[in-house]
There are 2 protein chains.
Amino acid sequence: MAVLQLLPPSLCYNLYSSSSSTSTVFFPFHIRRPLRVSTVTTIRALSTNQPITAKEEYPSASSSPRLEGKVTPRSVDFSAWYLDVIASAELADYGPVRGTMVIRPYGYAIWEYVQEYLNVKFKETGHSNMYFPQFIPYSFIEKEASHVEGFSPELAVVTIGGGKELEEKLVVRPTSETIVNHMFTQWIHSHRDLPLLVNQWANVTRWEMRTKPFVRTLEFLWQEGHTAHATAEEAEEEALKMIGVYIKFSYEQAAIPVIAGRKSREETFAGADRTYTIEAMMGDKKALQAGTSHNLGQNFSRAFGTQFADENGERKHVWQTSWAVSTRYVGGIIMTHGDDAGLMLPPNMAPIQIVIVPIWKTDDEKTGVVDAASSIEKMLKEVGFRIKLDDSQQKTPGWKFNFWEMKGVPLRIEVGPRDVKNKTVVVSRRDVPGKKGKEFGISMESAFLESYVRQRLKDIQASLLEKAIKFRDSNIVDVNSYDDLKMAISEGKWARGPWSASDNEERKVKEETGATIRCFPFEQPRGQKTCLMTGNPANEVAIFARSY
Amino acid sequence: MAVLQLLPPSLCYNLYSSSSSTSTVFFPFHIRRPLRVSTVTTIRALSTNQPITAKEEYPSASSSPRLEGKVTPRSVDFSAWYLDVIASAELADYGPVRGTMVIRPYGYAIWEYVQEYLNVKFKETGHSNMYFPQFIPYSFIEKEASHVEGFSPELAVVTIGGGKELEEKLVVRPTSETIVNHMFTQWIHSHRDLPLLVNQWANVTRWEMRTKPFVRTLEFLWQEGHTAHATAEEAEEEALKMIGVYIKFSYEQAAIPVIAGRKSREETFAGADRTYTIEAMMGDKKALQAGTSHNLGQNFSRAFGTQFADENGERKHVWQTSWAVSTRYVGGIIMTHGDDAGLMLPPNMAPIQIVIVPIWKTDDEKTGVVDAASSIEKMLKEVGFRIKLDDSQQKTPGWKFNFWEMKGVPLRIEVGPRDVKNKTVVVSRRDVPGKKGKEFGISMESAFLESYVRQRLKDIQASLLEKAIKFRDSNIVDVNSYDDLKMAISEGKWARGPWSASDNEERKVKEETGATIRCFPFEQPRGQKTCLMTGNPANEVAIFARSY
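Quick notes on the rules
- Counting restarts for each chain, with residues numbered from 1 along the sequence as it is written.
- Think of it this way: whatever chain is written first is A, whatever ligand is written first is 1, and the rest follow in order.
- The predicted origin of the model limits local features to residues at a pLDDT of at least 70 and limits the giving and counting of side-chain atom pairs to 80 or more, whereas totals for whole chains, interfaces and linings rest on all residues.
- To get the side-chain values, all heavy atoms of the structure are used, and hydrogens and water are removed first.
- Note on aromatic pairs: the rings of Phe, Tyr and Trp (six-membered ring only in Trp) are paired at centre separations within 6.5 Å, and the planes decide the class, stacked below 30 degrees, edge-to-face beyond 60, tilted for the rest.
- We call a residue buried when its accessible area falls under 20% of the maximum for its residue type, exposed when it is over 50%, and partly exposed in between, using a 1.4 Å probe and counting protein chains only.
- Under the DSSP-based scheme used, a helix requires at least four consecutive residues in state H or I and a strand at least two consecutive residues in state E, with every element numbered from the N terminus.
- Lysine NZ or arginine CZ positioned within 6 Å of the ring centre and within 35 degrees of the ring normal marks a charge as sitting over the ring.
- The term salt bridge refers to a side-chain nitrogen of Lys or Arg lying within 4 Å of a carboxyl oxygen of Asp or Glu.
- Following DSSP output, two strands are said to pair if at least two bridges run between them.
- Between two residues, a contact is recorded if the distance between any of their heavy atoms is within 4.5 Å.
- Here's the idea: put two parts together, see how much 1.4 Å probe accessible area each one loses, and the total over both is what we call buried area.
- Pairs of N or O atoms are called polar contacts if they sit within 3.5 Å, as long as, within protein, a hydrogen donor faces a hydrogen acceptor (for residues adjacent in sequence, only side-chain-to-side-chain pairs).
- Residue polarity is assigned by list, with Asp, Glu, Lys and Arg as charged and Ala, Val, Leu, Ile, Met, Phe, Trp, Tyr, Cys and Pro as nonpolar; anything else, Gly included, falls into the polar class.
- Asp and Glu are treated as the negative residues and Lys and Arg as the positive ones, with His and the ends of the chain left uncounted.
- UniProt positions are given in the numbering used here, feature names are shortened, and annotations may be inferred rather than shown by experiment.
- Note on geometry: axes are lines fitted to C-alpha atoms, helical ones only across the stretch in contact, with angles between N-to-C directions running from 0 to 180 degrees.
- In a left-handed crossing the near helix is turned counterclockwise from the far helix by less than a right angle, and in a right-handed crossing that turn is clockwise.
- Any angle between 65 and 115 degrees counts as roughly perpendicular, while under 35 counts as roughly parallel, over 145 as roughly antiparallel, and the rest as oblique.
- Every residue gets a pLDDT, meaning the predictor's confidence in that residue, from 0 to 100.

A. Up close: the packing of aromatic side chains. According to the stated counting rule, one finds 34 aromatic pairs over all chains in the structure shown. Relative to B:Trp404, the ring of B:Phe403 lies with its centre 4.9 Å away and its plane at 85°, an arrangement referred to as edge-to-face. Given a relative accessible area of 7%, B:Trp404 falls into the buried group. On the numbers, 5.0 Å between centres and 70° between planes, the contact of B:Trp499 with B:Phe544 is edge-to-face. On the criterion of sequence distance, the pair formed by B:Trp499 in the loop between strand S21 (494–498) and helix H17 (503–513) and B:Phe544 in strand S25 (residues 541–545) is long-range, its members being 45 residues apart. Here the two residues B:Trp499 and B:Phe544 agree in accessibility, since each one is buried. Members of the aromatic cluster, each reached through a chain of ring pairs, are A:Trp111, A:Phe122, A:Trp201 and A:Trp323. Cation over ring: B:Lys395 sits above B:Trp399, and NZ or CZ is 4.4 Å from the ring centre. The aromatic ring of B:Phe401 is capped on one face by B:Arg412, whose charged end is 3.7 Å from the ring centroid.

B. Representation of the pattern of salt bridges in the model. Residue and element names in this part refer to chain A. Across all of its chains, the model carries 52 salt bridges over all chains by this definition. The partner of Arg412 in a salt bridge is Glu414, with the nearest N and O atoms 3.0 Å apart. Three or more residues joined by partner-sharing salt bridges are found here, namely Glu405, Arg412, Glu414 and Lys438.

C. Seen up close, the pairing of strand S10 (residues 274–281) of chain A. Residues and elements named next belong to chain A. With seven of eight residues buried, S10 lies mostly within the body of the structure. Taken together, the four bridges between strand S9 (residues 259–262) and S10 define a ladder with antiparallel strand orientation. Bridge assignment links Arg262 to a residue of S10, and that residue is Tyr276. If you look at the hairpin formed by S10 and strand S11 (residues 287–297), you'll find five residues sitting between the two strands, and Lys285 has a positive phi there, around 75°.

D. Molecular detail of the environment of B:Ile188. Residues and elements named next belong to chain B. Looking at where Ile188 falls in the secondary structure, it is placed in the loop between helix H8 (177–187) and strand S7 (196–205). Since its relative accessible area comes to 2%, Ile188 is described here as buried. Taking C-alpha positions, Ile188 is 6.1 Å from Phe308, a pair spaced 120 residues apart along the chain.

E. Representation of the interface of chain B and chain A within the structure. On the side of chain A, 54 residues touch chain B, which itself brings 54 residues to the contact. Summed over both sides, the interface between chain B and chain A buries roughly 4300 Å², with carbon and sulfur atoms accounting for 64% of that surface. On the surface where chain B and chain A come into contact, there are two salt bridges. Among the ionic pairs, A:Lys123 bridges to B:Glu112, the shortest N-O distance being 3.2 Å. The interface formed by chain B and chain A holds 23 residue pairs in polar contact (both at pLDDT 80 or more) in total. The leading source of residues in the side of chain B that touches chain A is strand S5 (residues 156–161) of chain B, at six residues. For the side of chain B that touches chain A, a count of residues per class yields 31 nonpolar, 15 polar and eight charged.

F. A look at the side chain of B:Glu177. Residue and element names in this part refer to chain B. Mapped onto the elements, Glu177 comes out in helix H8. For the buried Glu177, no salt bridge exists, and the shortest N-O distance to an oppositely charged side chain is 6.6 Å, to Arg206. Reaching out from Glu177, the side chain makes a polar contact with the side chain of Thr175 at a distance of 2.6 Å. A distance of 2.7 Å separates the side chain of Glu177 from the side chain of Ser322, its partner in a polar contact. Not counting the four nearest positions on each side in its chain, Glu177 is found in contact with His147, His226, Phe269, Leu296, Phe300 and Ser322.

G. Structural detail: the UniProt feature "domain: Aminoacyl-transfer RNA synthetases class-II family profile" (unreviewed entry) in chain A. Cross-referencing UniProt, the feature "domain: Aminoacyl-transfer RNA synthetases class-II family profile" (unreviewed entry) maps to residues 98–346 of chain A in the present numbering. Taken end to end, residues 98–346 of chain A has its terminal C-alpha atoms 31 Å apart, with 32% of it in helix and 33% in strand.

H. Quick peek at the packing of helix H12 (residues 363–382) of chain A against helix H15 (residues 446–473) of chain A. All names here are of chain A. Contact pair H12 / H15: the axes reach a minimum separation of 11 Å and the direction vectors enclose 65°. Relative to H15, the crossing made by H12 is right-handed. Counted together, Ile376, Met379 and Leu380 of H12 and Ser446, Leu449, Glu450 and Val453 of H15 form the full contact between these two elements. A breakdown of the residues in the contact of H12 with H15 according to their chemical character gives five nonpolar, one polar and one charged.

I. Spotlight on the packing of helix H4 (residues 78–88) of chain B against helix H11 (residues 328–337) of chain B. Residues and elements named next belong to chain B. Between H4 and H11, the least distance of the axes is 11 Å, while the angle of their chain directions is 120°. Between H4 and H11, the angle is such that the two are oblique. Crossing geometry of H4 relative to H11 is assigned as right-handed. Along its contact with H4, which presents Phe78, Trp81, Tyr82, Val85 and Ile86, the element H11 presents Gly331, Ile334 and Met335. Grouping the amino acids of the contact of H4 with H11 by side-chain chemistry returns seven nonpolar, one polar and no charged.

J. Spatial organisation of the confidence of the model for chain A. Residue and element names in this part refer to chain A. For chain A, the mean per-residue pLDDT works out to 89, and 87% of the residues sit at or above 70. Counted against residues more than four places away or in other chains, residues 1–10, with its pLDDT under 50, gives 14 contacts. Within the model, the stretch residues 14–67 combines pLDDT values under 50 with 102 contacts to residues more than four positions away or in other chains. Both scores are given for the predicted complex: the pTM is 0.89, the ipTM 0.89.

So, in structure tokens, the structure goes:
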């Protein structure tokens, strides 16, 4: 497995963290994992068997679900649940133009945590932020052949400016490789100008027909990194390094156990030599492409003439990469961790990590309880927790419990009159339902409570990742034949099997099952394999799944 | 002066910091300040006497000045100097579409300091970030009468999406009041939903005919705050609070002594009842509107039906504000502080606060000098300074001095062989030219050097502000007649005088002198005054100036 050797350790998050040895657990291809599917998940699996074209998941604003804090159980209808959670938790709303989305403060705050983390990592790895204009002359898009083929059906085009018909139509950027190369030709002269490592945080527009909040919208927010290098090796190293940043972010911050790997030729970015991807399994077992990193080779530098003089004065085309994560990632967080009660946020990404709910009956009780709650709030805020005290009068404690659970707040502190007397609080975990997740008699004493809460948030962060890993692993089926693959896909699962067949056969799988190759994972079993489709020798396993 | 009483203290930065009493210095209307105009500044003043329509200050990419580190002296040609600085310091470049700009890493880093500071202040004052789509149905723009009048000549319009002619044309946002109100109608129901306080960081598009990097571009970056309130008073308080944030930022971070005040009716934002502004005097004495805060009254809420039920269940229209600072501000920093040698950055906004230039002749010397420089760099970086060690071999120390001066780095540390022996360094201030700005024999000892450098950066920050205040105050002329006003403007200065004349007379001043009312400043002289134009009583003085 040559690929595996090339990778930095950060790319090799163990797919099977529960086992001590990767190879032994990985390779019982003949052993099918037992189906651990409850009645509830069976319903879900059936519902995802609907032909994937049947659903328009982006109702107009007037029909948007507004359930006043209640959501359709995830187990009943995953798609309705998703839209309900977005509406009820006030994550986003529908814009007036079809397929556009307004990101509301609670949803935007999650995106800000994505930004904060990645922005620091990009700078640590030597990249500078900058900004390219969003209007691109139409002729630029046409310069790279496969790029125009990939993007021209999705373009928004400005034809009028300042009241006049424009001489050249302008494309609203769907991605910036073309304009980046136009500028790079002016900035890159010699090998001393390389590597050139930049990133921008920006909006992009793709005229999608089937849209869904966060997951696929006409306009979305993202970061796009663009780099130029003197050698093919450096570009490859960069593309892998940045997918590594995304992997680390996914595991450590978002608690999403992505599977990283290389895209098939069919699924490679329009204009890239190789695309690396992180693929996440959503709660309905569909795959979400959560981030990509492209080795662009010299495709754009040849189209635009982006050249440098090497040490010997010889003119050469630069080697390039680009890589992106978008607001789609927020959709990935919702669909990975949420449950019947609503959103469930990993503490590292939660705008509110702790909610305090004071409980009282009489006015006398109220004073003591709210005072205690306020001083706990103050103390925990001062040491850096993101905390909210809900002391509103209009709603009952029970209503508040449900509301903040629906909003996905990881930890709840309850303070009642008896707690005040005993100088204790009750702490409830969002991720462990009912009494099991509740601890009584936790001391209010500052130092103790602070370290208790810190540890619980860590536990929740770890536990969400562990749960997601288990869910993922129990829904990946190792297959050795096309029949096995079809069976796995029809059960809504991911199928993993050796693949060396043609692009045509890959398209046939898509037509017949709705599944595509999500990636050839970086983590590969050892040894020679047999292609599940053709019986020919195969070097790698691929993962097939239906996807968003 | 009722206006003055309303203002929070932060709005009352003293215009005359050098004087102990505002009123005495302020009101010698009869005393014309002596002209302290050198030959050099006379040339500048003459050059700004050109009819303001004559200049296209946005050459095409191919003719952009590239002087390899050299810039036209500011005193010779301010406009050429500005474009040279932007090119040579690599702040920005021209995009492929006329009037668009690529913000390069060094320029973008300055914008990031604007963002970091304001973002924190917005959150401290209770605002949440969010994101509205940039495509606005054309019909929205038409709903508020003066808004459409103001913006329709400047719109970029998308007419094609996904290869098809769109049924309704989409405007690329020039500003977001319309779409914000469309959404607010869905989120605001009761007085409990108010105040609603949001902000977005976004790009906006205005199809400007005469453009100039940073100052006026087809697309620019900004933040736009949008708020809704239950009462007129709260909206007014908010509009003033946010102009107060901009004032504080300008004085304390950017070292730009803006004059804040209210716009005249003629200059008020299209759709606002009142516009507050911060006006900055550039090095050529032209005014730059550097930020605005609008009290929108009920203009948009009436047009869009943005209503709430008050405590008695009565439906009322909300009162609104919006406020913005854009990448134009970066242009303001360049044109406030720069000098003949290039850019000069206030330490609080400098991507590089300190550059270390090691000086050696022999290889032996080099080792010692570079080692010492490296450990100084490491030490100062660790305690939080933004520092760059320029130990490149290709360039001489003299070249490096000029280069980093042109880039506006506030402080330079020089380390030569004798310094290494004496354990000292030489420190040069960017803002004090020649020997006067140079201190020799500064100890390398960590604690000493750290506190020395910290103090020097503070000195520079304060000194830049002081210099800008002096420049501003020596170029504002108090006038009591239209002749005085015309004289002041023809000298390139700002004219300040009592004004209660009509909009027509204001337009006449503009036609005849090229100057507009920049604002009625918050700081007003006491007592009754006589309008400089009509001789009628006047309550306020206005400031007239030519502007960007």
